[in-house]
Number of protein chains: 2
Amino acid sequence: MGYSESTGGRKAVFNPIADDGNEYKFCSTCAFGSVCVGHGVDKIGLTELHCLVEHAGPFRTGDAIFRHGDRFSAVYAVRAGTVKTSQVDREGRELILGFHLPGELIGLNAIHTEIYPCDAIALETVEVCRFSFPALATLATRIPQIQKELFRRLSKDIGDASQRIQESTADERLAAFILNLCARYEARGFAANALRLSMPRSDIANYLGLAAETVSRVLRRFQDSGLLVVEGREVSLKNPAGLREVARNILPD
Amino acid sequence: MGYSESTGGRKAVFNPIADDGNEYKFCSTCAFGSVCVGHGVDKIGLTELHCLVEHAGPFRTGDAIFRHGDRFSAVYAVRAGTVKTSQVDREGRELILGFHLPGELIGLNAIHTEIYPCDAIALETVEVCRFSFPALATLATRIPQIQKELFRRLSKDIGDASQRIQESTADERLAAFILNLCARYEARGFAANALRLSMPRSDIANYLGLAAETVSRVLRRFQDSGLLVVEGREVSLKNPAGLREVARNILPD
DNA sequence: TCGCGCGCTTGATCGGGGTCAAGGCGGGGC
DNA sequence: GCCCCGCCTTGACCCCGATCAAGCGCGCGA
């Protein structure tokens, strides 16, 4: 069980994951990992959910999946590739809000204003599932698990967003960033302790509130102290525990 | 119409607010401002919503409404006073996540883990409404407006959280913080251009990622340049446009 | 093949704001 | 009244990381 799929040049293996006793599985059709469990499709209305889905793509590097100011009409699940979401302030500077890996949902926070609050840009070749939102919301009122999953994802995003504020030093921020990316890849069946930084250094810097030069320097320092090895955009962790120690300023437990 | 109520020493006047053509009103029973509209109670099930509510308090300064690690069982709406939410990292340092004014909802982000991820502490005498959460979620599946309002509030929190990251200089952060607080007070019927900082400088500093000394210095600089007047914890804006100019690094429109 | 440009790295300098330290101010308890 | 303690302010110093600048390597189009 578990099948593999090519994802932006990497091999992704989506295995069933057991963590709380249930048999979870990444659903390649709807990308609703923890809703689309092995409980049987009809029980939680996945047939209906799957009917809502349109597959879209591929988007090429730099293409927009949606743009700030577009009327909110759908949420998207990333199926392959990496997407960044960003805003442009009135001086024209870009502010990156997040990077989104396969299996993650984007656009959900637009419910707030009915307008997408940011751009979603492909960082490499990207495929997505599109969920028409009014239909998804209606489905959520009928299927509590889907409502709960939407709540859960929204509240998780809050945690992620507020977590970013606290890392103070450049080392802490970058260590936390790498560990976070790594954990998200791993949760989706990618090899542990190795990851691809699909975004340029300048995007990482922007996201972390640092200068690109600092990102470069810190990565070099991490490599010199044996924490990891950098080869262009590929990173392999040599001492994850040490890295975790550097990033220790993170959330309790 | 519009009634007044004493709120931690200030007079709050809750007037009906008309902004999108509907007659909105702050509902003093359920605190669900934009759900509890003048559309008539039965239409959106507010009788049921009101049945879920327990009033609680008063909490005294320093009291906890809930604590990190408590099992998630309810969300709370602040009715009077100011609440801060914070986490404690493993080195024992406090990290403040937000300040919550009357009419705002806290605890909703606990859905994510079923455990409150933070402490909620009264900064002055505080009263709250308590909504048993399983019941509220069930109600949300039956009443789409309530589901939508919960989505809306969650996604708004994301916006607020990610907004905090971007202000870079101390001046920008503090200006944005003051304008934000002021707008939230004003939206609830308090006098415009005046606000009370119910939290100590050290809490503001913590929240903004600054030192308390810096908060002090920047406030003084703002006062010296005629932007506002500080008297202890009371602040009155003298030049809101100028302050907005200082904080211009905020979201597009 | 060469040249160009972009992304990345490394070095040198500078400034915003943290930290340490020393008062002021005000309120509550006795 | 007094003192005490917590909050706030102001000053002096210094460090982290931004900025400026230069050079490197690689991919791509002509």
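Calculation notes
- Residues numbered from 1 in each chain as written.
- Chains lettered and ligands numbered in written order.
- Predicted model: local features only at pLDDT ≥ 70, side-chain atom pairs only at ≥ 80, totals over all residues.
- Heavy atoms only, no water.
- Near = heavy atom within 4 Å.
- Polar contact = N/O pair within 3.5 Å; in protein donor to acceptor, adjacent residues only side chain to side chain.
- Helix = DSSP H or I, 4+ residues; strand = E, 2+ residues; numbered from the N terminus.
- Nonpolar A, V, L, I, M, F, W, Y, C, P; charged D, E, K, R; others polar.
- pLDDT = per-residue confidence, 0-100.
- Contact = heavy atoms within 4.5 Å.
- Buried < 20%, exposed > 50% of the residue type's maximum accessible area, 1.4 Å probe, protein only.
- Axes fitted to C-alpha atoms, helices over the stretch in contact; angles between N-to-C directions.
- Parallel < 35°, antiparallel > 145°, perpendicular 65-115°, else oblique.
- Left-handed = near helix turned anticlockwise from the far one by under 90°.

Peer 1: Just checking my understanding: could you explain the protein's contact with DNA strand D for this structure?
Peer 2: Looking at DNA strand D, there are 16 residues lining it, with Ala 170 and Thr 214 of chain A together with Arg 201, Ser 216 and Arg 220 of chain B nearest. Backbone atoms, meaning sugar and phosphate, make up 59% of the atoms of DNA strand D lying within 4 Å of the protein. Note that a phosphate oxygen of DNA strand D is positioned 3.3 Å from one of the backbone N or O atoms of Gly 209 of chain A. In the environment of DNA strand D, a phosphate oxygen lies 2.4 Å from a nitrogen or oxygen atom belonging to the side chain of Ser 216 of chain B. Counting residues per element, the ones that place at least two in the surface near DNA strand D are α6 (212-224) of chain A together with α5 (201-208) and α6 (212-224) of chain B. The dominant element in the surface near DNA strand D, judged by the number of residues it contributes, is α6 of chain B, at four residues. Each residue belonging to the surface near DNA strand D can be placed in one class, and the counts come to four nonpolar, five polar and seven charged.

Peer 1: I keep staring at the confidence of the model for chain A and nothing clicks. Help me out?
Peer 2: Residues and elements named next belong to chain A. Mean pLDDT over chain A: 75, with 74% of residues reaching 70 or higher. Mean pLDDT values for the elements of chain A range from 32 in strand β2 (residues 10-14) up to 94 in α6. Taken together, the stretch residues 1-25 has pLDDT below 50 and engages in 52 contacts with residues farther than four places along the chain or on a different chain. Confidence over residues 37-44 falls short of pLDDT 50; this stretch has 12 contacts with residues more than four positions distant or in other chains. Predicted complex metrics record ipTM = 0.74 and pTM = 0.77.

Peer 1: Can you walk me through the protein's contact with DNA strand C in this structure?
Peer 2: With respect to spatial proximity, 15 residues lie near DNA strand C, and among them Arg 201, Ser 216 and Arg 220 of chain A together with Ala 170 and Thr 214 of chain B are the closest. Near the protein, meaning within 4 Å, the atoms of DNA strand C are sugar or phosphate in a fraction of 57%, with bases accounting for the rest. Contact distances for DNA strand C include 3.4 Å between a phosphate oxygen and a backbone N or O atom of Gly 209 of chain B. Where the surface near DNA strand C is concerned, the elements lending two or more residues are α6 of chain A together with α6 of chain B. Per element, the largest residue contribution to the surface near DNA strand C is four residues, and it comes from α6 of chain A.

Peer 1: Help me understand unusual backbone geometry, please; the structure alone is not making it clear to me.
Peer 2: The phi angle of most residues is negative, glycine excepted, and most peptide bonds adopt the trans form. Residues and elements named next belong to chain A. The residue Asn 193 is not glycine, and still its phi comes out positive at about 65 degrees. Within the secondary structure, Asn 193 is located in the loop between α4 (170-187) and β13 (194-196). Owing to a relative accessible area of 35%, Asn 193 belongs among the partly exposed residues under this scheme.

Peer 1: What am I meant to see in the packing of α4 of chain A against helix α5 (residues 201-208) of chain A here?
Peer 2: Axes are the key here: two packed helices are described by the angle between their axes and the distance separating the axes. Residues and elements named next belong to chain A. The N-to-C vectors of α4 and α5 enclose an angle of 110 degrees; their axes lie 11 Å apart at closest approach. Taken together, α4 and α5 sit at an angle that is classed as roughly perpendicular. In terms of crossing hand, the pair formed by α4 and α5 is right-handed. Two secondary-structure elements touch here, α4 through Arg 173, Leu 174 and Phe 177 and α5 through Ile 204, Tyr 207 and Leu 208. For the contact of α4 with α5, the residue count by class is five nonpolar, no polar and one charged.

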